[in-house]
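Structural overview
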Amino acid sequence: MTYGAELVDDLDPDPALRSYREEHSWPARLGDFLDADRVVNDAVVSGSNDRIMRTTVDWLAEHRETVEKGHLLVVVGWSGAMRREFYVDGEFRQVIPYQQHQHPDLQRLTDVYREVAWHDRESGTRLITQILALQSFLRLHRVPYLFFDSIESSFDTLGRAGLAGGGGVEMVDRTHFYRFGDADGSMADVLRASGTGWKGRHPAEDGHETWAHKLAAHVVAERLLRRPTTAPVTPPPGPAFARRRGFRSANRDFLYP
């Protein structure tokens, strides 16, 4: 969703195709709208929230001068909570419980994870922990940021885990989390309702353009490019979660339209 999957043939090594993908995925378009000097799209296909945590902290640690000057906006599209990252055969590798993997050890690990350890409660608990941990890290270092749900709304992920009314939900800074807890507030949900195009299971160019517009409008309206203070989060008034009768299944249509 962030990488720009299926905008072009993802397996084709042609640098022209890579440039096209990078220029038309929502991070580049958001950078255009906000007049950024540089855009770094650090996403990968099938990336997990485990990877998001690791690579975001690593990147900020390696660019401390940029962080300290405040010349930075971090935008994170949280991925499917069931996804995991494991270090297998000398590499960090991404795991989706119901996908097949060519690497035999990774497939063996995926089978065990799916059969033994995959559970909505664990997925939801890990998601809210990661959100609050990265939120605290960015606020501590006064890094402007914006979060959103990429594939599935936190309404469903946390709801299935029994965490919709938990204290962790109230600690999320919703000013910095676009449509947090909205029943249909994920990027996939919003673009599906907007009628923009899809390429396979991922947004087409007009979808990326629309999403970048929405994020840019939120950044400007909430004045997120100012360096944040380290004051405690004060939840805005109103319910943290939208109302709906039930929570959708985690396997619904592979979490894509």
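Just above sits the structure.
On a predicted model such as this, the values are computed, not experimentally measured, just so you know.

The phi angle of most residues is negative, glycine excepted, and most peptide bonds adopt the trans form. Here Glu6, not a glycine, exhibits a phi torsion of approximately 70°, which is positive. Relative to the helices and strands, Glu6 resides in the segment before helix H1 (15-24). Not every positive phi belongs to a glycine, and Ser46 is a case in point at roughly 65°. With respect to the element layout, Ser46 can be found in the loop between helix H2 (26-33) and helix H3 (49-62). Note on Ser46: relative accessible area 24%, which makes it partly exposed.

Turning our eyes to something else, we now look at the nonpolar core. With 29 residues, the main nonpolar core has Val74, Trp78, Leu138, Phe147 and Leu158 as its most contacted residues. Of all the elements in the fold, those that place two or more residues in this core are H3, strand E1 (74-78), helix H6 (120-140), strand E4 (145-149) and helix H7 (154-160). Broken down by element, this core gets its largest block of residues, six residues, from H6. Counting 17 residues, the second largest nonpolar core, distinct from the first, contains Tyr178, Leu191, Ala212 and Leu224.

A few words now on the pattern of salt bridges. Overall, the coordinates contain 22 salt bridges when judged by the stated rule. Where Glu22 meets Arg18, a salt bridge forms, and the shortest distance between an N and an O atom there is 3.0 Å. Placement of both Glu22 and Arg18 in helix H1 is noted, with a separation of four residues, approximately one turn of the helix. A salt bridge links Arg248 to Asp156, with the shortest nitrogen-to-oxygen separation between them at 2.9 Å. With Arg248 in the segment after helix H10 (205-221) and Asp156 in helix H7, this pair connects stretches of sequence that are 92 residues apart. Note on accessibility: Arg248 and Asp156 belong to one class, buried. The network of salt bridges with common partners includes Asp156, Asp184, Asp189, Arg192 and Arg248.

Before going further, it helps to examine a negative patch on the surface. Taken together, the side chains of Glu6, Asp9, Asp10, Asp12 and Asp14 make up a negatively charged region of the molecular surface. For Glu6, a relative accessible area of 30% gives the class partly exposed.

Reading the values: rules and limits
Residues numbered from 1 in each chain as written. Predicted model: local features only at pLDDT ≥ 70, side-chain atom pairs only at ≥ 80, totals over all residues. Heavy atoms only, no water. Helix = DSSP H or I, 4+ residues; strand = E, 2+ residues; numbered from the N terminus. Buried < 20%, exposed > 50% of the residue type's maximum accessible area, 1.4 Å probe, protein only. Core = buried A, V, L, I, M, F, W, Y, C linked by side-chain atoms within 4.5 Å. Salt bridge = Lys/Arg side-chain N within 4 Å of Asp/Glu carboxyl O. Patch = residues over 30% accessible without salt bridge, like charges linked within 9 Å, V, L, I, M, F, W, Y side chains within 5 Å. Areas by Shrake-Rupley, 256 points an atom, 1.4 Å probe, with all protein chains shown as cover. Lys, Arg positive; Asp, Glu negative; His and termini not counted. Charge placed at Lys NZ, Arg CZ, Asp CG, Glu CD.

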